[in-house]
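# A look at the structure
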Amino acid sequence: MFWKKQNKGQNEAELLSEPRPHHYTFAHIAMRKFCESDPLQLFALIPTEERTHLIDFLWSKVCENCDAEGKADFDPGDIEFATLRVKDYPTILMKMPEAKAVAEAMLVAIVLTAGPEMKLENGTPPFRYFTLELGVSTEGGLRTVMCEWRGDSHANMGDGPEPEARAFLQRVESLL
(Lines give C-alpha, C1' and ligand atoms only; values in the text may rest on other atoms or scores of the structure.)
Protein backbone atom coordinates (compact mmCIF):
# COMPACT_ATOMS: atom_id res chain seq x y z
CA MET A 1 0.00 0.00 0.00
CA PHE A 2 1.30 3.46 -0.89
CA TRP A 3 0.95 4.81 2.63
CA LYS A 4 3.33 2.34 4.21
CA LYS A 5 5.98 3.17 1.59
CA GLN A 6 5.56 6.90 2.16
CA ASN A 7 5.60 6.82 5.95
CA LYS A 8 7.90 3.89 6.74
CA GLY A 9 5.34 1.85 8.62
CA GLN A 10 3.63 4.62 10.58
CA ASN A 11 0.30 3.28 11.82
CA GLU A 12 -2.71 4.51 13.70
CA ALA A 13 -1.22 3.55 17.09
CA GLU A 14 1.70 5.93 16.48
CA LEU A 15 -0.53 8.90 15.64
CA LEU A 16 -1.04 11.74 18.06
CA SER A 17 -4.52 11.80 19.56
CA GLU A 18 -5.13 15.42 18.48
CA PRO A 19 -3.80 17.62 15.69
CA ARG A 20 -0.87 19.81 16.71
CA PRO A 21 -2.29 23.33 17.16
CA HIS A 22 0.42 25.12 15.17
CA HIS A 23 0.27 22.66 12.29
CA TYR A 24 -3.52 22.70 12.04
CA THR A 25 -3.88 26.45 12.52
CA PHE A 26 -1.25 27.43 9.97
CA ALA A 27 -2.54 25.14 7.20
CA HIS A 28 -6.27 25.40 7.84
CA ILE A 29 -6.76 28.89 9.22
CA ALA A 30 -3.88 31.37 8.96
CA MET A 31 -3.11 30.96 5.26
CA ARG A 32 -6.79 30.74 4.34
CA LYS A 33 -7.77 33.83 6.32
CA PHE A 34 -4.90 35.84 4.84
CA CYS A 35 -5.97 34.75 1.38
CA GLU A 36 -9.56 35.76 2.14
CA SER A 37 -8.36 39.22 3.17
CA ASP A 38 -6.00 39.84 0.25
CA PRO A 39 -5.59 37.02 -2.28
CA LEU A 40 -3.73 39.18 -4.79
CA GLN A 41 -1.09 40.11 -2.21
CA LEU A 42 -0.68 36.46 -1.21
CA PHE A 43 -0.21 35.40 -4.83
CA ALA A 44 2.19 38.30 -5.44
CA LEU A 45 4.39 37.56 -2.39
CA ILE A 46 4.65 33.77 -2.32
CA PRO A 47 6.93 33.44 -5.39
CA THR A 48 9.30 36.17 -4.12
CA GLU A 49 11.86 36.55 -1.34
CA GLU A 50 9.26 38.70 0.47
CA ARG A 51 7.39 35.46 1.19
CA THR A 52 9.64 34.97 4.22
CA HIS A 53 8.35 38.17 5.85
CA LEU A 54 4.72 37.21 5.23
CA ILE A 55 5.14 33.64 6.49
CA ASP A 56 7.07 34.84 9.57
CA PHE A 57 4.29 37.34 10.30
CA LEU A 58 1.58 34.66 9.95
CA TRP A 59 3.67 32.25 12.03
CA SER A 60 3.98 34.84 14.82
CA LYS A 61 0.18 35.13 14.89
CA VAL A 62 -0.19 31.34 14.98
CA CYS A 63 2.28 31.18 17.88
CA GLU A 64 0.41 33.91 19.77
CA ASN A 65 -2.70 31.75 19.57
CA CYS A 66 -1.15 28.30 20.00
CA ASP A 67 1.96 28.53 22.21
CA ALA A 68 -0.14 28.24 25.38
CA GLU A 69 -0.68 24.59 24.34
CA GLY A 70 3.08 24.06 23.91
CA LYS A 71 5.75 25.09 21.46
CA ALA A 72 5.63 23.88 17.87
CA ASP A 73 7.84 20.96 16.85
CA PHE A 74 8.62 22.62 13.50
CA ASP A 75 9.16 26.15 12.23
CA PRO A 76 7.99 28.04 9.14
CA GLY A 77 11.19 27.15 7.31
CA ASP A 78 9.93 23.54 7.24
CA ILE A 79 6.94 24.54 5.09
CA GLU A 80 7.58 24.35 1.35
CA PHE A 81 5.91 26.55 -1.27
CA ALA A 82 5.62 26.35 -5.04
CA THR A 83 3.67 28.42 -7.52
CA LEU A 84 2.22 26.87 -10.65
CA ARG A 85 -0.91 26.76 -12.78
CA VAL A 86 -3.75 24.29 -12.54
CA LYS A 87 -6.15 24.55 -15.49
CA ASP A 88 -4.52 27.90 -16.29
CA TYR A 89 -5.40 29.21 -12.83
CA PRO A 90 -2.59 30.60 -10.64
CA THR A 91 -2.02 28.13 -7.81
CA ILE A 92 0.02 28.06 -4.63
CA LEU A 93 1.07 24.60 -3.49
CA MET A 94 2.08 24.33 0.15
CA LYS A 95 3.72 21.20 1.57
CA MET A 96 3.42 20.99 5.32
CA PRO A 97 5.77 19.10 7.66
CA GLU A 98 4.83 15.45 8.16
CA ALA A 99 1.29 14.97 9.42
CA LYS A 100 1.26 13.23 12.81
CA ALA A 101 -2.45 13.31 13.64
CA VAL A 102 -5.75 12.84 11.88
CA ALA A 103 -6.92 16.10 10.23
CA GLU A 104 -3.43 17.54 9.84
CA ALA A 105 -2.86 18.73 6.28
CA MET A 106 -0.06 17.25 4.22
CA LEU A 107 -0.62 19.43 1.17
CA VAL A 108 -2.59 22.60 0.50
CA ALA A 109 -3.55 24.07 -2.88
CA ILE A 110 -4.84 27.62 -3.11
CA VAL A 111 -6.29 28.26 -6.56
CA LEU A 112 -7.12 31.78 -7.76
CA THR A 113 -10.18 31.12 -9.93
CA ALA A 114 -10.76 34.56 -11.40
CA GLY A 115 -10.25 34.90 -15.12
CA PRO A 116 -9.11 38.16 -16.74
CA GLU A 117 -12.63 38.80 -18.04
CA MET A 118 -14.27 38.46 -14.62
CA LYS A 119 -15.61 41.63 -13.00
CA LEU A 120 -14.63 41.56 -9.36
CA GLU A 121 -16.95 42.73 -6.64
CA ASN A 122 -15.03 44.58 -3.93
CA GLY A 123 -11.85 43.92 -5.92
CA THR A 124 -11.42 40.51 -4.29
CA PRO A 125 -10.96 37.63 -6.72
CA PRO A 126 -12.46 34.24 -5.88
CA PHE A 127 -10.23 31.37 -4.84
CA ARG A 128 -10.58 27.75 -3.77
CA TYR A 129 -8.70 26.26 -0.83
CA PHE A 130 -8.01 22.51 -0.91
CA THR A 131 -6.29 20.37 1.70
CA LEU A 132 -5.07 16.79 1.61
CA GLU A 133 -5.31 15.51 5.15
CA LEU A 134 -4.25 12.48 7.11
CA GLY A 135 -7.15 10.20 7.95
CA VAL A 136 -7.94 6.72 9.19
CA SER A 137 -10.13 4.29 7.26
CA THR A 138 -13.05 2.44 8.82
CA GLU A 139 -10.77 -0.64 8.90
CA GLY A 140 -8.23 1.31 10.97
CA GLY A 141 -5.57 1.84 8.31
CA LEU A 142 -4.14 5.19 7.33
CA ARG A 143 -5.55 7.04 4.35
CA THR A 144 -5.65 10.50 2.87
CA VAL A 145 -8.76 12.65 2.82
CA MET A 146 -9.46 15.29 0.16
CA CYS A 147 -11.04 18.40 1.65
CA GLU A 148 -12.01 21.90 0.65
CA TRP A 149 -12.68 25.00 2.71
CA ARG A 150 -15.64 27.05 1.51
CA GLY A 151 -15.70 30.15 3.66
CA ASP A 152 -15.61 28.85 7.21
CA SER A 153 -17.03 25.45 6.21
CA HIS A 154 -14.76 22.44 5.88
CA ALA A 155 -16.01 19.92 3.30
CA ASN A 156 -14.73 16.36 3.46
CA MET A 157 -14.69 15.03 -0.11
CA GLY A 158 -13.78 11.42 0.70
CA ASP A 159 -10.65 9.43 0.02
CA GLY A 160 -7.77 11.44 -1.30
CA PRO A 161 -4.93 10.55 -3.63
CA GLU A 162 -1.46 9.46 -2.63
CA PRO A 163 0.23 12.10 -0.45
CA GLU A 164 2.42 13.50 -3.21
CA ALA A 165 2.09 16.77 -5.13
CA ARG A 166 1.37 15.40 -8.61
CA ALA A 167 -1.50 13.16 -7.51
CA PHE A 168 -2.94 15.90 -5.27
CA LEU A 169 -2.81 18.50 -8.05
CA GLN A 170 -4.48 16.09 -10.48
CA ARG A 171 -7.34 15.69 -7.99
CA VAL A 172 -7.56 19.47 -7.54
CA GLU A 173 -7.71 19.88 -11.30
CA SER A 174 -10.58 17.40 -11.52
CA LEU A 175 -12.53 19.48 -8.99
CA LEU A 176 -12.14 22.83 -10.76
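Up top is the structure.
Along each chain, numbering runs from 1 in the same order as the chain's sequence is written. The predicted origin of the model limits local features to residues at a pLDDT of at least 70 and limits the giving and counting of side-chain atom pairs to 80 or more, whereas totals for whole chains, interfaces and linings rest on all residues. Only hydrogens and water are removed before side-chain values are computed, so all heavy atoms of the structure are retained for them.

## Observations regarding the overall build of the protein chain
Stated precisely, the cut-off is as follows: Numbering goes from the N terminus for both helices and strands, where a helix is a DSSP run of H or I of at least four residues and a strand is a run of E of at least two. Partly exposed residues are those whose accessible area sits between 20% and 50% of the maximum for their type, while under 20% is buried and over 50% is exposed, using a 1.4 Å probe and protein chains only. Any two residues whose heavy atoms approach within 4.5 Å are treated as being in contact.
The secondary structure content of the protein chain amounts to 5 helices and 6 strands. Ordering the α and β elements of the protein chain from the N terminus gives α-α-α-α-β-β-β-β-β-β-α. The proportion of buried residues among the 176 residues of the protein chain is 43%. Sequence separation of at least 24 residues holds for 54% of the intrachain contacts in the protein chain that already meet a minimum separation of 6.

## Quick look at the pattern of salt bridges
Just so we agree on the cut-off: For this analysis, a salt bridge means a side-chain nitrogen from Lys or Arg found within 4 Å of a carboxyl oxygen belonging to Asp or Glu.
Inspection of every chain in the model, using the stated rule, returns 12 salt bridges. Between Asp152 and Arg32 there is a salt bridge, and its shortest N-O distance comes to 3.3 Å. With a gap of 120 residues between them, Asp152 in the loop between β5 (142-150) and β6 (153-159) and Arg32 in helix α2 (residues 21-37) connect regions that are remote in the sequence. Judged by its relative accessible area of 4%, Arg32 is buried. In this structure, the salt-bridge partner of Lys33 is Glu36, at a minimum N-O distance of 3.6 Å.

## Topic: the packing of aromatic side chains
Stated formally: Geometry of aromatic contacts follows a simple scheme: Phe, Tyr and Trp rings, the Trp one being its six-membered ring, pair when their centres are within 6.5 Å, and the pair is stacked under 30 degrees between planes, edge-to-face over 60, tilted otherwise. Only when the NZ of Lys or the CZ of Arg is both within 6 Å of the ring centre and within 35 degrees of the ring normal is a charge said to sit over the ring.
Using the criterion set out here, one finds 2 aromatic pairs in the structure. With a centroid separation of 6.1 Å and 55° between ring planes, the pair formed by Phe26 and Trp59 is classed as tilted. Taken together, the residues Phe26 in helix α2 and Trp59 in helix α4 (residues 51-66) connect sequence positions 33 residues apart. One exposure class covers both Phe26 and Trp59, and it is buried. Put simply, the rings of Phe26, Trp59 and Phe74 pair up and form one aromatic cluster. Between Arg32 and the ring centre of Trp149, over which it is positioned, the NZ or CZ distance is 3.9 Å.

## What to know about the sheet that holds strand β4 (residues 127-136)
Heads up, the condition is: Between any two strands, pairing holds if DSSP finds at least two bridges. Fitting a line to C-alpha atoms yields each axis, with helices limited to the stretch in contact; the angle taken between N-to-C directions then spans 0 to 180 degrees.
Taken in spatial order, the 6 strands of this open sheet run β1-β2-β3-β4-β5-β6, and their pairing is antiparallel. Each edge of the open sheet carries a strand with a single partner, namely β1 (80-86) and β6. Averaged over all pairs of adjacent strands, the angle between strand axes in this sheet comes to 25°, irrespective of strand direction. Here β4 pairs with β5 via 8 bridges, running antiparallel. Across the sheet, residue Phe130 finds its bridge partner in β5, namely Glu148. Of the strands in this sheet, β1, β2 (89-95), β3 (105-112), β4, β5 and β6 are in contact with helix α5 (residues 165-175), which crosses β3 at around 40°.

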